[in-house]
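# Notes for the structure review
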There are 2 protein chains.
Amino acid sequence: MTKVVVIGAGIAGLKAAIDLEAAGVETIILEARDRLGGRLHTIQPFGNGFNADMGASWFHDCLVNPLLKKNVGSPDVTYYFNDGDQLWIGPSGVITKNDKVLAVQEEMVTFMNDYYQDPSKSDMSLRNFAHLYLEHTRGLLTDKQVRYSPQAFRVFELWLGQVWDTLSSKLLSEEGHVGRNAYLTSGYKSVFEKELEEYPGWREKIKLNTVVSKIAHNDKIQKVNVITTGGSSYECDYTVVTIPLGVLQLSPPEKGAVQWDPPLPSSFSRNLEKTTFAALGKIFVEFEEVFWPKDHDTFIFLGEPDNEMTQAFESRSSFKAPFQENDYRLTKDPKKWEYPLYCVNLDRASEKPVLVLLTQNPLTAWIEEDPTSRAWPVIQPMMESLAKLTGKACPSSPKALVTSQWTQDPFARGSYMGCAVGDEMTEAIQAFIDPKEIFGGSNRVRFAGEHTVFEGSGCAHGAWNSGAREAKKIVELINGKASKL
Amino acid sequence: MTKVVVIGAGIAGLKAAIDLEAAGVETIILEARDRLGGRLHTIQPFGNGFNADMGASWFHDCLVNPLLKKNVGSPDVTYYFNDGDQLWIGPSGVITKNDKVLAVQEEMVTFMNDYYQDPSKSDMSLRNFAHLYLEHTRGLLTDKQVRYSPQAFRVFELWLGQVWDTLSSKLLSEEGHVGRNAYLTSGYKSVFEKELEEYPGWREKIKLNTVVSKIAHNDKIQKVNVITTGGSSYECDYTVVTIPLGVLQLSPPEKGAVQWDPPLPSSFSRNLEKTTFAALGKIFVEFEEVFWPKDHDTFIFLGEPDNEMTQAFESRSSFKAPFQENDYRLTKDPKKWEYPLYCVNLDRASEKPVLVLLTQNPLTAWIEEDPTSRAWPVIQPMMESLAKLTGKACPSSPKALVTSQWTQDPFARGSYMGCAVGDEMTEAIQAFIDPKEIFGGSNRVRFAGEHTVFEGSGCAHGAWNSGAREAKKIVELINGKASKL
């Protein structure tokens, strides 16, 4: 009987194992952590009944999301479309609809998408692209639009988890969202647990606390050996590697790196180098009572205008912000309102006086290093701006606060695949889908996870799709129907 | 010296003539009406200083609009971006942001664009497509969204000038807007008059009240004769035909049809049959004072929910609204709130207590037949809904009201090219750009106008671009550089 070792008990690995077992293939799942779910991770930090997803928390692309479709009408899986009224707030107060900053931001996105229709255009950071737009539109913007529309453009930072100095405007122009986004009030654990029911015997088949250190291939008997830090060796016919991109990017002797025997082909390693693992972070903050406007689903806090850019624009001089490597770290405390933040009003979604704020690298890594002392000072000015709108008092500290820890987690090292200037995402994803050069073309190593898909990239449903895809491929390989692979 | 007769003194014909003269080609322009401008037509119905554009009134596609670019900073050409706060109002009152009807409407548009990525999908009317979306999204919409998001989807009617029973969802999915839209407070006459300055001697070269009845080709001497209803004949080397699509669609002996000698090739006539000339109408309505909310740029009035569709959806039965020919006429008075209307608050744009409402066929044709008795009753319920929001009284009649007359105008017969189910727009536009089959491939007949372009279709800048394009082609033909044409 064919044996498959799945590495990682996230939604991708679980789905692969489910579909393989359904096809009569024997599976086990090795999971490094002491818990299931991977980057689907729901906790209840503020008492029972309130679910905080530290990882994925939305059904994205609702028009084409199979995980959502599967769970529509389920009493256990509940969600909230937080696409009602939004409030845009800058350091000097509310940006109103009649400031027309959002209309300009939408035009910037159109300009970006249109600009890169010409494949000869070279990439630049989102920040430099914002300046290009201002130049293109000279004479058609108000002073306020010149200052704030680039900041509004930065909301992409909170999709990708990267600051605009690093974000590739070209790759962003290729991203598409297919429908609305539904925030899971029941937490992604509700989805994961339903999947788990489709994997009978999971308590035995999933090995927690089992860290893979080496993946080896025996050319003679055409078997793969998956070896753990504990010294165990799992022999199998195929392995599905759902190790997060951030860990795959490591190479020995870096700590936490997986050793490949024989080593990964250089073309594959190069593909890994041309990817970015971003760090979207989350701050859940609970208060005694709601002091913010109750009628808005989201608050979008815009950063302080970019004086360098504004001055360059006004003096008609050139502007070229240096590119930042995505993994750069803050060397000093961030300034107030330095970063835009995206905030969901969970009073509306979950009827609890809680806000969740999304952060981007490098802020995420900086906060996650020391959340207790760093998270609240970053968000406090925004909280005060909310209180000002209602006339209520802003507490000097929250009742409770919890942040994600993905950048501190050796088994994640970040949140999900991003896109930096210079990345070659298409090539990298293609290499994950068809990793034929590994182990001499034996096809025995398969990859799944959010970083291995073109549709649903970075999303739970993308990861789930990739698990289904790899199970199908392995079954085809077993049946000899995939000779062209 | 080469002579060109341009037919039509709209922006397309004028631009063609300007560029031809600049290249040393002799031109005249024959204009059927007693005025210049064609479907750029600014009047001052409410006294001096207030400009009402009965035809085009926006710079569209502001990112790529050469007419806007040319006039940025001009003191004579003023405009207003009416993309600030919007209010959506249905027959039962305001549709709030938190009803999330707009978010669903945006998802419908995404669904439409995504659906037709598959070229094998067959076309259907926008109305039937709305139902398809509801089915696709079953379980994910509130009752209010089920009833009102199809009505919100109908805002396309006010872009195209056609009711949703006729609109092609497939062709709509191919439309793209490139940037914001700027409403001309100085009226398009301010743009046209600046163009006119580039056409020296225009008072002599433009012949008003000169209706073309026949375009003939003399094979022997390779000349074109443009013959008027008055019996004059203008011999020329080339002619640029900017006659509106609605008139071109006529064929003799229909009244107003242009006779072609030799006749148009059947392939070209067939292309004309596979196009739609729509009828966006305008109602400018002046009041003694503003009784509507002052802080909104636009009011979007949504139609009464489509009970047939809602019932089909709720009972899970099929729904297939019959296709309507675009030129169908109302046989009875429209019901209250039967049609969505788009309304711009000109108090904000032009500081005058005036609203302009956009209408679609068949409503446009019905109103334009008898504006005095028909326009006000159609809009009165909407006006009352506005007054309700402020608590002010809605006047029982306006101070003044004026409507467009394009469907009554024998030299227009509508507003601009639309897109109905079954249309073959691409083929038709391509035939206008490269009408090589006419007059035995002599290339002496050229077409320009809003209906002859892929970018800026239906827009003033598209028409202007087409005039420039044809001037360039004729110059190339004269210089023998266009052998491949």
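Values in this document were obtained by computation on a predicted structure and should not be read as measured data.

What counts, and at which threshold
Residues numbered from 1 in each chain as written. Chains lettered and ligands numbered in written order. Predicted model: local features only at pLDDT ≥ 70, side-chain atom pairs only at ≥ 80, totals over all residues. Heavy atoms only, no water. Helix = DSSP H or I, 4+ residues; strand = E, 2+ residues; numbered from the N terminus. Rg over C-alpha atoms; globule rule 2.2 N^0.38 Å. Buried < 20%, exposed > 50% of the residue type's maximum accessible area, 1.4 Å probe, protein only. Contact = heavy atoms within 4.5 Å. Areas by Shrake-Rupley, 256 points an atom, 1.4 Å probe, with all protein chains shown as cover. Lys, Arg positive; Asp, Glu negative; His and termini not counted. Charge placed at Lys NZ, Arg CZ, Asp CG, Glu CD. Expected span 1.5 Å × (residues − 1). Bend = angle between axes of the 7 residues up to and from the residue. Pairing = 2+ DSSP bridges. Domains from an automatic or database assignment. Buried area = accessible area lost by both parts, 1.4 Å probe. Salt bridge = Lys/Arg side-chain N within 4 Å of Asp/Glu carboxyl O. Polar contact = N/O pair within 3.5 Å; in protein donor to acceptor, adjacent residues only side chain to side chain. Nonpolar A, V, L, I, M, F, W, Y, C, P; charged D, E, K, R; others polar. Axes fitted to C-alpha atoms, helices over the stretch in contact; angles between N-to-C directions. Least-squares fit on C-alpha atoms with pLDDT ≥ 70 in both. pLDDT = per-residue confidence, 0-100. Phe/Tyr/Trp six-rings, centres within 6.5 Å; stacked < 30°, edge-to-face > 60°. Lys NZ or Arg CZ within 6 Å of the ring centre and 35° of its normal. Parallel < 35°, antiparallel > 145°, perpendicular 65-115°, else oblique. Left-handed = near helix turned anticlockwise from the far one by under 90°. Core = buried A, V, L, I, M, F, W, Y, C linked by side-chain atoms within 4.5 Å.

## Observations regarding the overall build of chain A
- The number of helices and strands found in chain A is 17 helices and 21 strands.
- Over its C-alpha trace chain A gives a radius of gyration of 23 Å, about what one expects of a compact globule, namely 23 Å for 485 residues.
- Projected onto its principal axes, the C-alpha positions of chain A cover 70 × 55 × 40 Å.
- Taken across its 485 residues, chain A has 61% of its residues classed as buried.
- For chain A, restricting intrachain contacts to residue pairs at least 6 apart in sequence, the fraction spanning at least 24 positions comes to 75%.
- Counting every atom, chain A has about 19,400 Å² of accessible surface; 48% of that belongs to carbon and sulfur.
- Mean positive and mean negative side-chain charge positions of chain A (51 and 62 charges, respectively) differ by 2 Å.

## Examining helix 15 (residues 371–390) of chain A
Residues and elements named next belong to chain A.
- With 20 residues, helix 15 ought to run about 28 Å at 1.5 Å a step, and its terminal C-alpha atoms sit 28 Å apart, in line with that.
- Approximately 40 degrees is the largest bend angle found in helix 15, and it occurs at Gln-380, with the proline Pro-381 only one to four residues beyond.
- When we look at burial in helix 15, the residues that qualify are Arg-374, Ala-375, Trp-376, Val-378, Ile-379, Pro-381, Met-382, Met-383, Ser-385, Leu-386 and Ala-387.
- One or two residues past the end of helix 15 sits Gly-391, with phi positive at roughly 80 degrees.

## Some words on the sheet that holds strand 1 (residues 3–7) of chain A
Residues and elements named next belong to chain A.
- Taken together, the 5 strands give an open sheet; going across it, the order is 10-2-1-14-21, and neighbouring strands pair in parallel fashion. Looking at which strands have only one partner, the edges of the open sheet turn out to be strand 10 (206–207) and strand 21 (445–447).
- One ladder, built from 4 bridges, connects strand 1 with strand 14 (residues 238–241); its direction is parallel. Looking across to strand 14, one finds that Val-6 is bridged to Val-240.

## Notes on the domain arrangement of chain A
Residue and element names in this part refer to chain A.
- Taken domain by domain, chain A holds domain 1 (3–41 + 187–274 + 419–478) and domain 2 (84–179 + 279–408).
- Here domain 1 and domain 2 have C-alpha centroids that lie 33 Å from each other.
- It is Cys-419, Ala-420 and Val-421 that lose the most area in domain 1 upon contact with domain 2, and together they represent 68% of the buried surface on that side.
- Across the domain 1-domain 2 interface, the total number found is 0 salt bridges.
- Run the count over domain 1 and domain 2 and you get 3 residue pairs in polar contact (both at pLDDT 80 or more).
- Partitioned by chemical class, the residues of the side of domain 1 that touches domain 2 number 4 nonpolar, 3 polar and 4 charged.

## Some remarks on the interface of chain B and chain A
- In this assembly, 36 residues from chain B lie in contact with 36 residues from chain A.
- For the pairing of chain B and chain A, the buried interface totals around 2,600 Å² over both sides, and the portion due to carbon and sulfur atoms is 55%.
- When the buried area of chain B at its contact with chain A is split by residue, Leu-63, Leu-140 and Arg-180 of chain B rank highest and sum to 28% of it.
- Here chain B and chain A share 4 salt bridges between them.
- Along the contact surface separating chain B from chain A lie 16 residue pairs in polar contact (both at pLDDT 80 or more).
- Secondary-structure elements contributing two or more residues to the side of chain B that touches chain A are strand 6 (79–81), helix 3 (101–115) and helix 4 (126–136) of chain B.
- Considering each element in turn, the side of chain B that touches chain A owes the most residues, 6 residues, to helix 3 of chain B.
- A breakdown of the residues in the side of chain B that touches chain A according to their chemical character gives 15 nonpolar, 10 polar and 11 charged.

## Thoughts on the sheet that holds strand 10 (residues 206–207) of chain B
Residues and elements named next belong to chain B.
- Judged by pairing direction, the sheet is parallel, and its 5 strands sit side by side in the order 10-2-1-14-21 without closing on themselves. Either end of the sheet is taken by a strand with one partner, and the two such strands are strand 10 and strand 21 (445–447).
- Across the face of the sheet, helix 17 (residues 460–478) comes into contact with strand 1 (3–7), strand 14 (238–241) and strand 21 while running at roughly 155 degrees to strand 21.

## With respect to the pattern of salt bridges
Residues and elements named next belong to chain A.
- One pass over the structure, following the stated rule, counts 54 salt bridges over all chains.
- One salt bridge connects Asp-165 with Arg-127, and the closest N-O pair in it is separated by 3.0 Å. Of the two residues, Asp-165 is situated in the loop between helix 6 (157–160) and helix 7 (169–173) and Arg-127 in helix 4 (residues 126–136); the sequence distance between them amounts to 38 residues.
- Several salt bridges converge on common partners, so that one network encompasses Arg-127, Asp-165, Asp-306 and Glu-308.

## What about helix 1 (residues 11–22) of chain B?
Residue and element names in this part refer to chain B.
- Helix length check: helix 1 (12 residues) gives 16 Å between terminal C-alpha atoms against 16 Å at 1.5 Å per residue, within 8%.
- Looking only at helix 1, the buried set comprises Ile-11, Ala-12, Gly-13, Leu-14, Lys-15, Ala-16, Ala-17, Ile-18 and Leu-20.
- On the buried face of helix 1, the contacting elements are strand 1, strand 2 (26–30), helix 8 (188–196), strand 14 and helix 17.

## Re the pairing of strand 11 (residues 212–218) of chain A
All names here are of chain A.
- As paired strands, strand 11 and strand 12 (residues 223–228) are joined by 6 bridges and run antiparallel to one another. Opposite His-217, over in strand 12, you have Val-224 as the bridge partner.
- The antiparallel pairing of strand 11 with strand 12 creates a hairpin that spans 4 residues between the two strands, and Gln-222 there sits at a positive phi of about 55 degrees.
- Bridge analysis of strand 11 against strand 15 (residues 259–261) gives 3 bridges, and the strand direction is parallel.

## Examining the relation of the copies chain B and chain A
- Least-squares fitting of chain B to chain A yields an RMSD of 0.0 Å, with the transformation described by 0.0 Å of translation along the axis and a rotation of 180 degrees. Considering both components of the superposition, the chain copies are consistent with a two-fold axis.
- Looking at the interface residues of chain B, 100% of them are also at the interface in chain A, so both copies use one shared face.

## Some thoughts on the confidence of the model for chain A
- Residues of chain A with pLDDT of at least 70 account for 99%, and the chain-wide mean is 96.
- In the model output, the complex is listed with pTM 0.96 alongside ipTM 0.95.

## Things to note about the side chain of Lys-282 of chain A
Residue and element names in this part refer to chain A.
- Structurally, Lys-282 is set in strand 16 (residues 281–286).
- Comment: no salt bridge for buried Lys-282; closest opposite-charge side chain is Asp-53, at 6.6 Å.
- Side chain to side chain, Lys-282 and Ser-57 meet in a polar contact 2.7 Å long.

## A look at the pairing of strand 17 (residues 298–301) of chain B
Residues and elements named next belong to chain B.
- Alternating residues of strand 17 divide into Thr-298 and Ile-300 and Phe-299 and Phe-301, and every residue in both groups is buried.
- The pairing of strand 7 (residues 86–90) with strand 17 spans 4 bridges and is parallel. Along strand 17, the bridge assignment pairs Ile-89 with Phe-301.
- Where strand 17 meets strand 18 (residues 341–345), 4 bridges bridge the pair, whose relative direction is antiparallel. Looking at strand 18, one finds that Ile-300 is bridged to Tyr-342.

## Details of the side chain of Asp-165 of chain A
Residue and element names in this part refer to chain A.
- Among the residues examined, Asp-165 registers a relative accessible area of 9% and is labelled buried.
- One polar contact links Asp-165 to Arg-127, side chain to side chain, over a distance of 3.0 Å.
- Each residue touching Asp-165, except ones within four places of it in the same chain, is listed here: Ser-125, Arg-127, Ala-321, Pro-322, Phe-323, Gln-324 and Tyr-328.

## Thoughts on the packing of aromatic side chains
All names here are of chain A.
- Taken as a whole, this structure holds 49 aromatic pairs over all chains when the rule is applied.
- Arranged with centres 6.4 Å apart and planes meeting at 35 degrees, the rings of Phe-129 and Phe-153 form a pair that is tilted. With Phe-129 in helix 4 and Phe-153 in helix 5 (residues 143–153), this pair connects stretches of sequence that are 24 residues apart. Comparing Phe-129 with Phe-153, the two get one shared label, buried.
- Seen from the ring of Phe-81, Arg-180 lies directly overhead, with NZ or CZ sitting 3.9 Å from the centre.

## What to know about the packing of helix 11 (residues 266–273) of chain B against helix 16 (residues 425–433) of chain B
Residues and elements named next belong to chain B.
- Their axes nearest at 8 Å, the elements helix 11 and helix 16 cross at an angle of 130 degrees. It follows from the interaxial angle that helix 11 and helix 16 lie oblique. In this structure, helix 11 meets helix 16 at a crossing whose hand is left-handed. On helix 16, the residues touching Phe-268, Asn-271 and Leu-272 of helix 11 are Glu-427, Ala-428, Ala-431 and Phe-432.

## Quick word on the environment of Phe-277 of chain A
- Mapped onto the secondary structure, Phe-277 of chain A falls in the loop between helix 11 (266–273) and strand 16.
- The sequence separation of Phe-277 of chain A and Asn-209 of chain A amounts to 68 residues, and the corresponding C-alpha distance is 24 Å.

## Structural notes on the nonpolar core
All names here are of chain A.
- Counting residues in hydrophobic clusters, the biggest one holds 89 residues, and the most contacted among them are Trp-260, Phe-301 and Met-383.
- A per-element tally of this core places helix 15 first, with 8 residues.
- Every residue in contact with Trp-260, bar those within four places of it in the chain, is listed here: Ile-215, Val-241, Ile-438, Phe-439, Val-445 and Phe-447.

## Considering the environment of Asp-434 of chain B
- Along the chain, Asp-434 of chain B falls in the loop between helix 16 and strand 21.
- Spatially, the C-alpha atoms of Asp-434 of chain B and Arg-446 of chain B are 7.9 Å apart, while their sequence positions differ by 12 residues.

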